[in-house]
Amino acid sequence: MNIEFGREICGTLPTAESREWLVTNGIGGYASGTVAGLLTRRYHGLLMAALNPPLGRTLLVTKLDETVYYNEQSYSLFTNRWVGGAVSPVGYYHIERFFLDGTTPVWQFAFSDVQLEKRVWMQPGSNTTYVQYTLNRATQPLQLTLQAFVNYRDYHGSTQGNSWQMGVAAIAQGIQITAFPGAAPVYLLSNSASVTPAHEWYYNFDLAAERDRGLSDREDHLHAATFAVTLDLGASVTIVASTESEPSLEGESAVKLRTAHEQKLIQLFEISRPIHAEKTPAWIHRLVLAADQFIVDRQAYAEHSRPSPNDPVGKTIIAGYHWFGDWGRDTMISLPGLTLSTGRPAIARSILHTFAQYVDQGMLPNRFPDAGETPEYNAVDATLWYFEAIRQYYGATEDDDLLRDLFPVLADVIDWHCRGTRYNIHLDAVDGLLYAGTAGVQLTWMDAKVGDQVITPRIGKPIEINALWYNALRTMAKFARQIGKPHQEYEAIADRTLAQFSRFWNEAKGYCYDVIDTPDGDDDSLRPNQIFAVSLPQSPLTPFQQQRVVDVCGQKLLTSHGLRSLSPDHPDYAGRYVGNGAERDHIYHQGTVWGWLLGAFALAHLRVYNNPTQAQKLLEPMANHLTTHGLGNLSEIFDGDAPMTAKGCIAQAWTVAETLRAWLAVKN
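Analysis parameters
- Residues numbered from 1 in each chain as written.
- Predicted model: local features only at pLDDT ≥ 70, side-chain atom pairs only at ≥ 80, totals over all residues.
- Heavy atoms only, no water.
- Helix = DSSP H or I, 4+ residues; strand = E, 2+ residues; numbered from the N terminus.
- Buried < 20%, exposed > 50% of the residue type's maximum accessible area, 1.4 Å probe, protein only.
- Areas by Shrake-Rupley, 256 points an atom, 1.4 Å probe, with all protein chains shown as cover.
- Lys, Arg positive; Asp, Glu negative; His and termini not counted.
- Charge placed at Lys NZ, Arg CZ, Asp CG, Glu CD.
- Salt bridge = Lys/Arg side-chain N within 4 Å of Asp/Glu carboxyl O.
- Pairing = 2+ DSSP bridges.
- pLDDT = per-residue confidence, 0-100.
- Contact = heavy atoms within 4.5 Å.
- Axes fitted to C-alpha atoms, helices over the stretch in contact; angles between N-to-C directions.
- Parallel < 35°, antiparallel > 145°, perpendicular 65-115°, else oblique.
- Left-handed = near helix turned anticlockwise from the far one by under 90°.
- Nonpolar A, V, L, I, M, F, W, Y, C, P; charged D, E, K, R; others polar.
- Expected span 1.5 Å × (residues − 1).
- Core = buried A, V, L, I, M, F, W, Y, C linked by side-chain atoms within 4.5 Å.
- Phe/Tyr/Trp six-rings, centres within 6.5 Å; stacked < 30°, edge-to-face > 60°.
- Lys NZ or Arg CZ within 6 Å of the ring centre and 35° of its normal.

## Some remarks on the overall build of the protein chain
Then step 1. When helices and strands are counted, the protein chain shows 18 helices and 37 strands.
Then step 2. Along the first, second and third principal axes, the C-alpha atoms of the protein chain reach 85 × 55 × 50 Å.
Then step 3. Within the protein chain, the fraction of its 668 residues that count as buried is 62%.
Then step 4. As displayed, the protein chain has an accessible area near 23,500 Å², and 49% of this comes from carbon and sulfur atoms.
Then step 5. Charge-centre separation for the protein chain: the mean point of 53 positive side chains lies 4 Å from the mean point of 71 negative side chains.

## Examining the pattern of salt bridges
Then step 1. Counted by the stated rule, this structure contains 39 salt bridges.
Then step 2. Glu 17 is the partner of Arg 81 in a salt bridge, and the nearest nitrogen-oxygen pair spans 2.8 Å. Remark: Glu 17 occurs in helix α2 (residues 13-18) and Arg 81 occurs in strand β7 (residues 79-81); sequence separation between them is 64 residues. By the burial criterion, Arg 81 is buried, and Glu 17 matches it.

## Observations regarding the sheet that holds strand β31 (residues 521-523)
Then step 1. Spatial strand order, β27-β30-β31: 3 strands in an open sheet with antiparallel pairing. Sheet topology places β27 (461-462) and β31 at the edges, where each strand pairs with a single neighbour.
Then step 2. Direction of pairing for β27 relative to strand β30 (residues 515-518): antiparallel, over a ladder of 2 bridges. Note that in β30 the partner of Pro 462 across the bridge is Val 515.

## Overview of the pairing of strand β14 (residues 167-171)
Remember that side chains alternate between the two faces of the sheet whenever the strand is regular.
Then step 1. As paired strands, β14 and strand β15 (residues 174-178) are joined by 5 bridges and run antiparallel to one another. Residue pairing in the sheet places Ile 171 in a bridge with Gly 174 of β15.
Then step 2. Following β14, the chain reverses through 2 residues before pairing antiparallel with β15; Gln 173 in that reversal takes a positive phi of roughly 70 degrees.

## Focus: the confidence of the model for the protein chain
Then step 1. Confidence along the protein chain averages 95 in pLDDT terms, with 97% of residues attaining 70 or more.
Then step 2. Confidence drops under pLDDT 50 across residues 300-306; counting only partners more than four residues distant or on other chains, this segment forms 21 contacts.

## Some points on the packing of helix α5 (residues 282-292) against helix α18 (residues 653-667)
Then step 1. The contact between α5 and α18 brings their axes to 10 Å, and the two run at 135 degrees. The pairing of α5 with α18 is recorded here as oblique in orientation. Considering the relative orientation of α5 and α18, their crossing is left-handed. Every residue of α18 that contacts α5 at Trp 283, Ile 284, Leu 287, Val 288, Ala 290 and Ala 291 is listed here: Val 656, Thr 659, Leu 660 and Trp 663.
Then step 2. The residue makeup of the contact of α5 with α18, split by class, is 9 nonpolar, 1 polar and no charged.

## Overview of unusual backbone geometry
Then step 1. Residues Pro 53 and Pro 54 are joined by a peptide bond in cis, for which omega reads 5 degrees.
Then step 2. Of note, Pro 54 is situated in the loop between β4 (45-52) and β5 (55-70).
Then step 3. Look at the link from Ala 642 to Pro 643: it is a cis peptide, with omega at 10 degrees.
Then step 4. Within the fold, Pro 643 resides in the loop between β35 (637-638) and β36 (646-647).
Then step 5. Unusually for a residue other than glycine, Asn 162 sits at a positive phi of about 45 degrees.

## Considering helix α9 (residues 400-419)
Since the α-helix packs 3.6 residues into each turn, any two residues three or four apart lie on the same face.
Then step 1. Between its first and last C-alpha atoms α9 spans 28 Å; for 20 residues at 1.5 Å apiece the expected length is 28 Å, and the two agree.
Then step 2. Turning to α9, its buried residues are Leu 402, Leu 403, Leu 406, Phe 407, Leu 410, Ala 411, Val 413, Ile 414, Trp 416 and His 417.
Then step 3. Those residues of α9 that are buried are in contact with α7 (345-356), α8 (382-397), β23 (426-427), β24 (434-435), α10 (463-482) and α11 (488-500).
Then step 4. Gly 420 lies just past α9 and shows a positive phi near 110 degrees.

## Quick word on the sheet that holds β35
Then step 1. If you trace the 5 strands from one edge of the open sheet to the other, you get β32-β33-β34-β35-β36, paired in antiparallel fashion. Two strands bound the open sheet, and with one partner strand each, they are β32 (558-559) and β36.
Then step 2. Where strand β33 (residues 562-564) lies against strand β34 (residues 593-594), 2 bridges are found, and the strand directions are antiparallel. When the sheet's bridge partners are listed, Leu 563 is paired in β34 with Trp 594.

## Comments concerning helix α15 (residues 597-609)
Then step 1. The end-to-end C-alpha distance of α15 is 18 Å, a good match for the 18 Å that 13 residues give at a rise of 1.5 Å each.
Then step 2. Among the 13 residues of α15, 10 are classified as buried, and the element is accordingly described as predominantly covered.
Then step 3. Of all the positions in α15, only Leu 597, Leu 598, Gly 599, Ala 600, Phe 601, Ala 602, Leu 603, Ala 604, His 605 and Leu 606 are classed as buried.
Then step 4. Count one or two residues on from α15 and you reach Asn 610, which has phi positive near 50 degrees.

## Notes on the nonpolar core
Then step 1. In this structure, Leu 144, Leu 352 and Ile 531 are the most contacted members of the largest nonpolar core, which totals 202 residues.
Then step 2. Among the elements that make up this core, the one with the highest residue count is α10 (12 residues).
Then step 3. Once residues within four sequence positions are removed from consideration, Leu 352 is found in contact with Met 332, Leu 335, Tyr 386, Ala 389, Ile 390, Tyr 393, Leu 402 and Leu 406.
Then step 4. If you look at the next biggest cluster of nonpolar residues, it comprises 8 residues, including Trp 121, Tyr 130, Leu 249 and Val 255.

## Section: the packing of aromatic side chains
Then step 1. Evaluation of the coordinates by the stated rule reveals 29 aromatic pairs.
Then step 2. A centroid spacing of 6.3 Å and a plane angle of 10 degrees characterise the contact between Phe 5 and Phe 98, whose relative ring orientation is stacked. Highlighted residues: Phe 5 in strand β1 (residues 4-5) and Phe 98 in strand β9 (residues 95-101), separated in sequence by 93 residues. Each member of the pair, Phe 5 as well as Phe 98, carries the same accessibility label: buried.
Then step 3. On the basis of an interplanar angle of 80 degrees and a centroid distance of 6.0 Å, the ring pair of Tyr 43 and Tyr 155 is categorised as edge-to-face. Here Tyr 155 lies in the loop between β13 (142-154) and β14 and Tyr 43 lies in the loop between β3 (30-34) and β4, a separation of 112 residues in the sequence.
Then step 4. Exposure remark for Tyr 43: the relative accessible area of 4% places this residue in the buried category.
Then step 5. Since its relative accessible area comes to 1%, Tyr 155 is described here as buried.
Then step 6. The lysine or arginine in question, Arg 213, covers the ring of Trp 323, its NZ or CZ lying 4.2 Å from the ring centre.
Then step 7. Between the NZ or CZ atom of Arg 422 and the centre of the ring of Tyr 377, over which it lies, the distance is 4.5 Å.

And the structure:
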């Protein structure tokens, strides 16, 4: 699938700045920006390094501002918006073409009789970004100068330069910047351009996307050096930004490594597919490349290191770009689609084994904080999704060794849930259903909280939690039989859960309660959580109930890119995800569309109607979405009201994973 734009997109600022590109390095670092070259977020930059992989993300190099001198004329190819709204210069006028080469963004600037190409990529496994310029067309040499802007702050932060004096030192083939004593040095290097150190703060860059999110919308960046080079026709120059003192400066060899990496990803995916499978649509290949951007190395650090003794560099999954880290819930939901669907089961194995070490009181961590503090155990569903991830892994590999290794952990999880663990999570001895929740704590994926207020507390017996619990029990019974362990207890508990699951059915409304036994009774809000009682392998609903759930969710919740989190008929429904942080958090699960739910809906639809063609058509709008918001990727959320504008993260792991997994399941 070609993701490509001409002047009709690139030359119009509202469209060019709304489309964002992303490249990653496999250890949590990334580079990102807009097609226009304009900064609109605090999260944009050429080197957002993961100093404590996969976290510790720090903005080190912001941008390169390009000026060309050709045939006695000067051309500014960069674009800046300043506080107050002025846009100067307007370099986006010169973008003739933008496209993605794999995941690499490529710009072709055209002016006079010149075409100058720019591409940006990162080295896998290294906090190193390459920016390469190639003179594709000209009738005389071209002089190119590049003003390099740097920073040093947490990726969530914002910088006001004031009198901050960074250390900028000339070194062989470039400069070294040391922001303050003890800061990690960053290097800007080139083997063909001359460099002149500088130290000049540029103030009041305007960040429009942050203003839309109700956050600080201005920032300062330091001009630390100017690179200059004369290019002849066909010649290239590469600028390298790195935390390494001696990265490779050979742009051609570096781009070949990136290309080979992405070609291998496609090959692994195709090899994993059935031999008789038809030609893969190009948009699915895009999802395969996108999937890789979320899989990162987890280096050991401090007392809370996660890699196993046999695997000093473990793997984990970044939940979303630009601002999420690795979360237990998101990791387990995303794991099958990102790894098994792409033909990379060894990565799935590493993640499953790594997370097993952190099961505590029968719970998987929900979040690993950026600074490496103690993991947070505040999710009732993360551990239950762990069972489903292992089930899918075993179904793909029949890896009895891992099953034997993890079985004691899984058995301990079941035991803790039966006798009770944190936050009043326990099996109700009366009806065999799982109860969870205490005041002030958000435990399910609908986890928005404003101050001390949990927006969707869902205390009681949530439907998807009990659907997952039922599936976990059936999975455990199967695992026990497979490795010769007693299985009768798991079957007996599952039978009790199944017998009472009918309590979720709301006969009057014709769909399932979202939560039963809440402090205020049974919650009959129409939410998408009930779709998992149909889409999971073992459905506790009758065939009639399954069809009604699919039909009602389709009629009230379904959109082109996911399911609404609340029916528009509900008085609390909010169709636009807008406002400051608190306002958006109130809306987050009150009608906002979630992309990851589309996969579950497609699988539920397939189960009920056994019509692969219709199920496939449910997923196909995602192909068009790859060309908007996060280019080559799928967004976190969308407005509930038409035209369902993409919001939130430009690239979300579980949206990509579940779309890819569902597409393969439907095709197979």
